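Descriptive analysis of the structure
What follows is the residue order along each chain.
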Amino acid sequence: MNRADVTIIGAGVIGLAIAAQIAGKGWEAYVLEEKATFGQETSSRHSGVIHAGIYYPQNSLKARLCVAGNRALYKLCQKYGIGYRKLGKLIVATTDKETGELETLLDKGQRNGVEGLRMLSRREMKELEPNVEGVAALFSPSTGIIDSHALMQYFVARAVEGGVQIAYKTKAVAIEKLGAEYRVSARDEQEEFPFMTRVVVNCAGLYSDRVAELAGIDIVKAGYKLHYVKGEYFSVASGKNKLVKRLIYPVPLPKVTSVGIHVTFDLEGRMRLGPGAEYVDSINYAVNSQHKQLFYDSARKFLPFLEYDDLEPEMAGIRSKLQGPNEDTRDFVIRDEADKGLPGLINLVGIDSPGLTAAPAIADYVLKLIQAHLTE
Ligand SMILES: Cc1cc2nc3c(=O)[nH]c(=O)nc-3n(C[C@H](O)[C@H](O)[C@H](O)COP(=O)(O)OP(=O)(O)OC[C@H]3O[C@@H](n4cnc5c(N)ncnc54)[C@H](O)[C@@H]3O)c2cc1C
């Protein structure tokens, strides 16, 4: 590894989607991944939902890339046999005040270009989901679930076939701008080795602020300092999964750090509740069983059939959030840092939800940034 055109740091779903997108373009390209294989962090610790794009401010990257990613993912799934189910989703209001908030969400979603959104009366909701309790619901038919591991496997195959090399157990430890290029130092199990690259794409997920800092960016000044928001999941006893057919969500709270504890399924039909949202200082994926009551109380408002003993701690993921506690929501940061004196350094910071859904659209967006830099 002496010289590269493009070096991607991180083999989560975002780095891999970009690797697949730039494959076969004639560039010498590498992905550096610290772990022994791909997708070992956030990209395997999530709800696995293909979001529709309802919640995000109009024209934000989150809104645009989620709506585009949703369509692109279904096409990829159909074309390449990646597991998915377009289950549809209900956002359920349990009070009249929440019904008003559903109207706001409907309006937001429609402005974002989400297709098929529809308000349901209590009776219409009960026709679709007789076991769900509420006063009204917003129905989103384009929400679904995906086998994210199979999606990443597909991206890896496409990247490798197109000549991109993926180096596992290889951590980027230094990035220095030298002339018009970057000198990246990487450390594998044997040694630390430097190489030159024309473009660096930072897709380091929970560590993307630190990688930006390695390249010399003042992350506090730039607004890139990440907060960690842990999301725990509890599995629901088998048998109860037959009582609901769609993904069921509550109405999100203002200044949402998450879309709320919801019901989701995996492709085998196992039901789970989650994720919670708790700011934490460090990365620890243990589930606190004492949080069971909180999950039970949140979900029972719209799932009256749930019993306390149905819930078991399952797993947790950690969101990389730009938004601190009680701060306003923040958009994805996806940019070439030319205005910071670092052209060709493309940072992706704060890629929290809907990052999985948006992955193919993010890859498209980043490809354009890479092309703009390499053809300058
Ligand atoms: C609880 C939870 C629920 C979610 N639910 C959904 C959902 O339902 N739908 C949806 O669309 N999105 C969802 N998301 C968001 C989605 O999971 C993320 O946006 C996405 O997985 C982020 O992928 P990534 O590639 O940026 O990060 P990661 O998957 O974390 O990948 C980053 C990679 O970079 C590597 N790395 C870090 N530093 C270095 C370094 N210095 N050198 C080399 N490698 C390095 C890491 O080892 C890691 O493999 C959820 C997230 C969470 C936490």
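See the structure above.
Residues numbered from 1 in each chain as written. Predicted model: local features only at pLDDT ≥ 70, side-chain atom pairs only at ≥ 80, totals over all residues. Heavy atoms only, no water.

1. As for the pairing of strand β2 (residues 29-32)
Definition in use: Three exposure classes are used, based on accessible area relative to the maximum for each residue type with a 1.4 Å probe and protein chains only: buried under 20%, partly exposed in between, and exposed over 50%. Helix and strand assignments follow DSSP, with helices taken as H or I runs no shorter than four residues and strands as E runs no shorter than two, numbered in order from the N terminus. By convention a crossover is right-handed if, when the strands point away from the viewer, the path from the first strand over the helix to the second runs clockwise. Strand pairing is assigned whenever DSSP detects at least two bridges linking the two strands.
Here β2 shows a buried face lined by Ala29 and Val31 and a second buried face lined by Tyr30 and Leu32. Handedness of the crossover joining strand β1 (residues 3-9) and β2 through helix α1 (residues 13-22) is recorded here as right-handed. Bridge analysis of β2 against strand β9 (residues 165-167) gives three bridges, and the strand direction is parallel. Looking at the pairing, Tyr30 lines up with Gln165 of β9.

2. Thoughts on the packing of aromatic side chains
Filter applied, for reference: Aromatic contacts are taken between Phe, Tyr and Trp rings whose centres are within 6.5 Å, Trp giving its six-membered ring; a plane angle under 30 degrees counts as stacked, one over 60 as edge-to-face, and the others as tilted.
Under the counting rule described, the total for this entry stands at eight aromatic pairs. Aromatic pair Tyr74 and Tyr84: ring centres 5.7 Å apart, planes at 70 degrees, arrangement edge-to-face. On the criterion of sequence distance, the pair formed by Tyr74 in helix α2 (residues 61-80) and Tyr84 in strand β4 (residues 84-85) is long-range, its members being ten residues apart. Looking at Tyr74, the relative accessible area reads 5%, which means it is buried. Tyr84 sits in the partly exposed class, given a relative accessible area of 27%.

3. A word on the site of the ligand
Going by this rule: We define proximity as follows: a residue is near a molecule or strand when any one of its heavy atoms falls within 4 Å of that partner. N or O atoms closer than or at 3.5 Å make up a polar contact, with two conditions inside protein: a donor-capable atom paired with an acceptor-capable one, and, for residues adjacent in sequence, both atoms drawn from side chains. Values of accessible area rely on a 1.4 Å probe in the Shrake-Rupley scheme; residue burial ignores everything except the protein chains shown. For this classification, Asp, Glu, Lys and Arg are treated as charged, while Ala, Val, Leu, Ile, Met, Phe, Trp, Tyr, Cys and Pro are nonpolar and the rest, including Gly, are polar.
Taken together, 39 residues are adjacent to the ligand, and Glu33, Ser43, Val49, Ile351 and Thr357 come closest. Here an oxygen atom of the ligand sits 3.3 Å away from a polar atom, N or O, in the main chain of Asp352. In the complex, the protein chains occlude 97% of the 1,000 Å² of accessible area that the ligand would expose alone. Listing elements by their share of the shell around the ligand, those giving two or more residues are α1, β10 (171-178), β18 (311-321) and α9 (355-374). When grouped by side-chain class, the residues that make up the shell around the ligand number 17 nonpolar, 14 polar and eight charged.

4. What to know about the sheet that holds strand β8 (residues 144-146)
Here we have three strands laid out as an open sheet, ordered β3-β8-β4, and antiparallel in their pairing. Unpaired on one side and paired on the other, β3 (49-50) and β4 mark the two borders of the sheet. Pairing analysis gives two bridges linking β4 to β8, with the strands arranged antiparallel. Note that in β8 the partner of Arg85 across the bridge is Ile145.

5. What to know about the environment of Glu98
Selection criterion: In what follows, residue pairs with any heavy atoms lying within 4.5 Å of each other are defined as contacts.
Summarising the element assignment, Glu98 is placed in helix α3 (residues 96-111). Separated by 37 residues in the primary sequence, Glu98 and Val135 place their C-alpha atoms 8.9 Å from one another. Once residues within four sequence positions are removed from consideration, Glu98 is found in contact with Val92, Ala93 and Val251. A distance of 2.7 Å separates the side chain of Glu98 from the backbone nitrogen of Thr94, its partner in a polar contact.

6. Some remarks on the packing of α1 against helix α5 (residues 148-161)
Heads up, the condition is: Every axis in this analysis is a line fitted to C-alpha atoms, fitted for helices over the stretch in contact. Angles between the N-to-C directions lie between 0 and 180 degrees. The handedness criterion is simple: a crossing whose near helix is rotated anticlockwise from the far helix by less than a right angle is left-handed, and one whose near helix is rotated clockwise is right-handed.
At a minimum axis separation of 8 Å, α1 and α5 run at an interaxial angle of 35 degrees. For the pair α1 and α5, the crossing hand works out as left-handed. Counted together, Val13, Leu16, Ala17, Ala19, Ala20 and Gln21 of α1 and Leu151, Met152, Phe155, Val156, Arg158 and Ala159 of α5 form the full contact between these two elements.

7. Things to note about the packing of α1 against α9
What counts is decided by this rule: Each angle receives one of four descriptions, namely roughly parallel if under 35 degrees, roughly antiparallel if over 145, roughly perpendicular if within 65 to 115, and oblique otherwise.
Running from N to C, α1 and α9 point in directions that differ by 45 degrees, and their axes come no closer than 8 Å. Regarding the angle of α1 to α9, the classification is oblique. As for the relative orientation of α1 and α9, their crossing is right-handed in sense. Every residue of α9 that contacts α1 at Val13, Ile14, Ala17, Ile18, Gln21 and Ile22 is listed here: Gly355, Leu356, Ala359, Ile362, Ala363, Asp364, Val366, Leu367 and Ile370. Among the residues forming the contact of α1 with α9, the class breakdown is twelve nonpolar, two polar and one charged.

8. Structural notes on the pattern of salt bridges
Threshold: Just to be clear on terms, a salt bridge is a Lys or Arg side-chain nitrogen sitting within 4 Å of an Asp or Glu carboxyl oxygen.
The final tally for this structure, using the stated rule, is 25 salt bridges. Residues Glu133 and Arg122 are paired through a salt bridge, measuring 2.3 Å at the closest nitrogen-oxygen approach. One end of the pair, Glu133, is in the loop between α4 (122-128) and β7 (136-140); the other, Arg122, is in helix α4, with eleven residues separating them in the sequence. For Glu133, a relative accessible area of 27% puts it in the partly exposed group. Under the relative-accessibility criterion, Arg122 is labelled partly exposed at 38%. A salt bridge links Glu192 to Arg187, with the shortest nitrogen-to-oxygen separation between them at 3.6 Å.

9. Considerations on the side chain of Glu129
Structurally, Glu129 can be placed in the loop between α4 and β7. We classify Glu129 as buried; its relative accessible area is 1%. Leaving out residues up to four positions away in the same chain, Glu129 has contacts with Leu90, Leu243, Val244, Lys245, Arg246 and Ile248.

10. Some words on the side chain of His373
Mapped onto the fold, His373 is located in helix α9. A distance of 3.5 Å separates a polar side-chain atom of His373 from the backbone nitrogen of Gly344. In this view, His373 contacts Arg198, Val199, Asp336, Pro343 and Gly344; residues no more than four positions away in its chain are not counted.

No statement about biological role is implied by the geometric values presented.
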